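Structure at a glance
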Amino acid sequence: MQNSVAPFVPFPSERAIFQRRPHVSTYLWARQNLRIVSGPYRGQLWRPEVAPYAKAIMDAFDSPDVRKIFIIAPSQTTKTTIAYACMLAEMARELGPMGVGMPDEKALKRKFGEGLLQYVQRIPSLREQLHPDPRRALQTTRIEFRSGDGIYGMWAGSEAQMSSDSMRIVVVDEEDAYPDPMSVQTMEERVTAYEHMGNSKIIRVSKPRGLAEASTVWRDACREAQVFYRYAARCPACGHLEYMDDTRIRVRRAEKEELAAMPREERAQEVKRRQLARYVCSSCRFEWTDESRNLALRRGRWIAGRVEDGAWKPCEAEQHSTVVAFHLRSWETVLVSLSSVLHDWFLAQDDPRRLQNYDNNRRAVPYRVITRETPADAVRAMMLEGHHRGQCPAETWAVTCGIDVQMMGCWYVVRAWALDGRSWLVDWGFLPKGLSEAEEVLLPKLYPVAGREGVQAPIWRTAVDTGGTADDGNEFGWSKTEETYAWLQQASLEWEVYGIKGAKKDMAVPVRATVWGNQPGKPQKFQLFEGKIPGHMIDTRAFKDRIHSRLNPQAKVSAMYLHEESEAGELTEYVRQITAERKVIEKGKEVWKARRDNHLFDCEVYALAAADPTWTPAMRLLPEAALVLPHAGGRSRKRNAKLSALRRSPYAR
């Protein structure tokens, strides 16, 4: 008689480990188990209608053939949530070692604390498998389960952390922010031990950052992906599958003429505030609102293609592909308004720095730099017939001046500005006696305004470069910076003059107010209050980009015009210095290189910075034009005392 008694009885924990779990697709599992941990949908189950493009990505992850997936998309498009959903769904189906890579340790700890730990605690099947010791279960850079497997954190720059464990699934998050691009390859090597078993997966998810030469996610996706998917929305009016192009995002017809008369910044703000953007279908010309765009996205689908010579082309999807890429743009998600996209597009048109951010964070592509070198002929083409040197046009709202201090004197540029951003070169030249001559001759000048009898334009704001080296000719051994500081302390009592310095790194805003002390090199806390000088830091690279964009016949907005030549060759020196610099790429970065003297180019940078909207108070917010009207009693000064006497006082020594 056969013995029916089992040879052993497994413990509940052993049953939990060895019991085969039902196989559920990642898409279905996410709908049933994944609860959002941040944002407006926090605490709710993951909703596929918020990310209609997610199902195809999750299905690709479930495919036994696919070994690597690239997800290239802007910020706030749920791309990271989709990647983590794939990893957590696989963890729920079969426990195993998995890894998440981040740019640095701080970002990794934040991702674990605010994301992964919260996800695991909200998923019952995973929460039950956590290690019984709380100190081992939920750590700052690791989640450990009863079986000894877990989710391991890695960050760029820590070789030991990236190379210590073998992993079956690796998620490389925001790789274009890694300080060392080779860290991506090191993280990918963690799956080597599982490759022969055919169950390893790599997900690389990031938005492109910077230039094409620096974006590893874009470069590798274009090289490695056998299928490169783009999303197509289906028009709710005609049913046409539309590859949405941002050039078809336009202002609503009824307000187009009204907005055309506004300055660019105001137009952008108005579009965003009143939600005026529409997407125009290329087939039936139907204008999509945000709601109809969302409907079109939910009815859309991914289209297979490949990238050839930098351009995407549709093609048939290869069977049994092992590497696939999914590329999504900002306007192809229901979380981003069309008006927000158009707002950013307006602001980026004459600002290469904003254009780079638009390419990276809206179009989700690397910024392709066209090396800037405006030829002399293009600059000369901006000479405006009828506009004479020393005269302001009738549209003048304010006049700014930029001064570049040199050892033997100073160069200057005076430029008139209109409310819509256009500007005209009014005056320029060299003052051999330096800032003292600028105070006595240049700053008091009043320029006549064309077509307005008796109306004159004073220099409303002057920006003076404070950089410099030691002045061997100064009997007190001062540097040019110290001399400029001393002059600013006195001249600012009478004129609207401000010191400026160029920032060494890119700035979030092109102009930032600051305060300097009268003793360079000493901490601010040791400076006397009376000796502090208000100044501004400026992003010189951003302003140089703007000048080359505007001082060009192809300028779309805010063109910068020159005065006509009263005699042949009058502008030769100006044009020579304006074209002295060109932008080149060195080691994957944009660098401005000077080939000859460029002082007037620097002066144009300072005059442009003085008119920038981020310099407070902004020129365009003036209640009226900064002009001197007839019979107004002339231009009033801040004080009547001569400043030259103060310069000769003992305090100057």
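Up top is the structure these notes are about.
Here is a short report on the structure shown in this document. (Residues numbered from 1 in each chain as written. Predicted model: local features only at pLDDT ≥ 70, side-chain atom pairs only at ≥ 80, totals over all residues. Heavy atoms only, no water.)

Thoughts on the sheet that holds strand β24 (residues 511-516)
For the record, the criterion: Two strands qualify as a pair provided that DSSP identifies no fewer than 2 bridges between them. A run of DSSP states H or I qualifies as a helix once it reaches four residues; a run of E qualifies as a strand once it reaches two. Both are numbered from the N-terminal end.
Strand order in the open sheet formed by 9 strands is β16-β26-β19-β18-β17-β22-β23-β25-β24, and the pairing between neighbours is mixed. Because the sheet does not close on itself, it has two edges, and the strands there are β16 (383-384) and β24. In terms of strand pairing, strand β18 (residues 409-417) meets strand β19 (residues 423-431) through 8 bridges, oriented antiparallel. Counted as the bridge partner of V414 is D427 from β19.

Regarding the side chain of E437
Operational definition: We call a residue buried when its accessible area falls under 20% of the maximum for its residue type, exposed when it is over 50%, and partly exposed in between, using a 1.4 Å probe and counting protein chains only. Within this scheme the basic residues Lys and Arg register as positive and the acidic residues Asp and Glu register as negative, but His and the chain ends are omitted. By definition, a salt bridge exists where a carboxyl oxygen of Asp or Glu is found within 4 Å of a side-chain nitrogen of Lys or Arg. In what follows, a contact means two residues having at least one pair of non-hydrogen atoms within 4.5 Å.
For E437, the position within the fold is in helix α18 (residues 435-442). Summary of buried charges: E437 has no salt-bridge partner, and the nearest side chain of opposite charge, K433, is 6.0 Å away. In contact with E437, not counting residues within four places along its chain, are L431, P432 and L442.

Quick word on the pattern of salt bridges
The tally for this structure, following the rule as stated, stands at 38 salt bridges. Between K55 and D59 there is a salt bridge; the shortest N-O distance is 2.8 Å. Here K55 pairs with D59, and both are found in helix α3 (residues 54-62), just 4 residues apart, close to one helical turn. Across the salt bridge formed by E105 and K109, the nearest N and O atoms sit 3.4 Å from each other. With E105 and K109 both in helix α5 (residues 105-121) and 4 residues apart, the pair spans about one turn of that helix. A relative accessible area of 39% places K109 in the partly exposed class.

Some details on the packing of helix α12 (residues 253-260) against helix α13 (residues 264-274)
For clarity, the cut-off: Only the contacting stretch of a helix is used when fitting its axis, a line to C-alpha atoms as for every element, and angles between N-to-C directions run 0 to 180 degrees. Oblique is the label for any angle not covered by the other classes, which are roughly parallel (under 35 degrees), roughly antiparallel (over 145) and roughly perpendicular (65 to 115). In this scheme the crossing of two helices becomes right-handed for a clockwise turn of the near helix relative to the far one and left-handed for an anticlockwise turn of less than a right angle. Residues were grouped as follows: Ala, Val, Leu, Ile, Met, Phe, Trp, Tyr, Cys and Pro as nonpolar; Asp, Glu, Lys and Arg as charged; and all remaining residues, including Gly, as polar.
Running from N to C, α12 and α13 cross one another at 150°; their axes reach a closest spacing of 10 Å. It follows that α12 is roughly antiparallel to α13 by the angle criterion. As for the relative orientation of α12 and α13, their crossing is right-handed in sense. When α12 is examined against α13, the residues E255, E258, L259 and A260 are found in contact with a partner set consisting of R267, E270, V271 and R274. Class assignment of the residues belonging to the contact of α12 with α13 gives a composition of 3 nonpolar, no polar and 5 charged.

Let's talk about the environment of K480
Turning to its location among the elements, K480 is positioned in helix α19 (residues 480-491). Judged by its relative accessible area of 11%, K480 falls in the buried class. When the C-alpha positions of K480 and D465 are compared, they lie 10.0 Å apart, and in sequence the two are 15 residues distant.

So, the packing of aromatic side chains
How we decide: Only Phe, Tyr and Trp rings are paired, with Trp represented by its six-membered ring, and only when their centres lie within 6.5 Å; those with planes under 30 degrees apart are stacked, over 60 edge-to-face, the remainder tilted.
Within the structure shown, the criterion is met by 13 aromatic pairs. Taking 6.0 Å as the distance between ring centres and 90° as the angle between the ring planes, the aromatic pair formed by Y27 and W46 counts as edge-to-face. Placement of the pair is Y27 in helix α2 (residues 26-33) and W46 in the loop between α2 and α3, with a sequence separation of 19 residues. For the pair Y498 and W615, a centre-to-centre distance of 5.6 Å together with 80° between the ring planes defines the contact as edge-to-face. Within this pair, whereas Y498 is found in strand β23 (residues 497-502), its partner W615 is found in the loop between α22 (599-610) and α23 (643-647), the two being separated by 117 residues in sequence.

Some details on the packing of α2 against α3
Where α2 meets α3, the closest approach of the two axes is 8 Å, and the angle between their N-to-C directions is 120°. Judged by the angle between their axes, α2 and α3 are oblique. Contacts between α2 and α3 involve T26, Y27 and A30 on the former and, on the latter, K55, M58, F61 and D62. Residue composition of the contact of α2 with α3, by class: 4 nonpolar, 1 polar and 2 charged.

Some words on α5
Operational definition: Expected span of a helix, by definition, is 1.5 Å for each gap between consecutive residues, and there is one gap fewer than residues. Two axes define the bend at a residue: one fitted to the seven residues ending there, one fitted to the seven starting there, and the bend is the angle between them. The term polar contact refers here to a pair of N or O atoms within 3.5 Å; inside protein, the definition further demands a hydrogen-donor-capable atom paired with an acceptor-capable atom, and it admits residues adjacent in sequence only when both atoms are side-chain atoms.
With 17 residues, α5 extends 22 Å from end C-alpha to end C-alpha; this agrees with the ideal 24 Å at 1.5 Å per step. Taken as a whole, α5 carries its principal kink of about 45° at F112. Where α5 is concerned, the buried positions are A107, L108, F112, G115, L116, L117, Y119 and V120. Those residues of α5 that are buried lie in contact with α4 (79-93), β2 (98-102), α6 (124-127), β3 (142-144) and β4 (150-155). A distance of 3.1 Å separates the backbone nitrogen of K106 from a side-chain oxygen at the start of α5, and that oxygen is part of D104.

As for the side chain of R230
Topologically, R230 is positioned in strand β7 (residues 227-234). Not counting residues up to four positions away in its chain, the partners in contact with R230 are Y243, M244, R301, W302, I303, W312, H327 and R329.

Re the pairing of strand β10 (residues 277-280)
With burial as the criterion, each face of β10 is covered, one bearing A277 and Y279 and the other bearing R278 and V280. Two strands pair when backbone bridges link them, and strand β9 (residues 249-251) and β10 are joined in this way by 3 bridges, in the antiparallel orientation. By the bridge assignment for β10, R250 is matched with R278. Pairing of β10 with strand β11 (residues 287-288), which is carried by 2 bridges, proceeds in the antiparallel orientation. Bridged to Y279 within β11 is W288. The hairpin turn running from β10 into β11, its antiparallel successor, is 6 residues long, and R285 in that turn takes a positive phi close to 65°.

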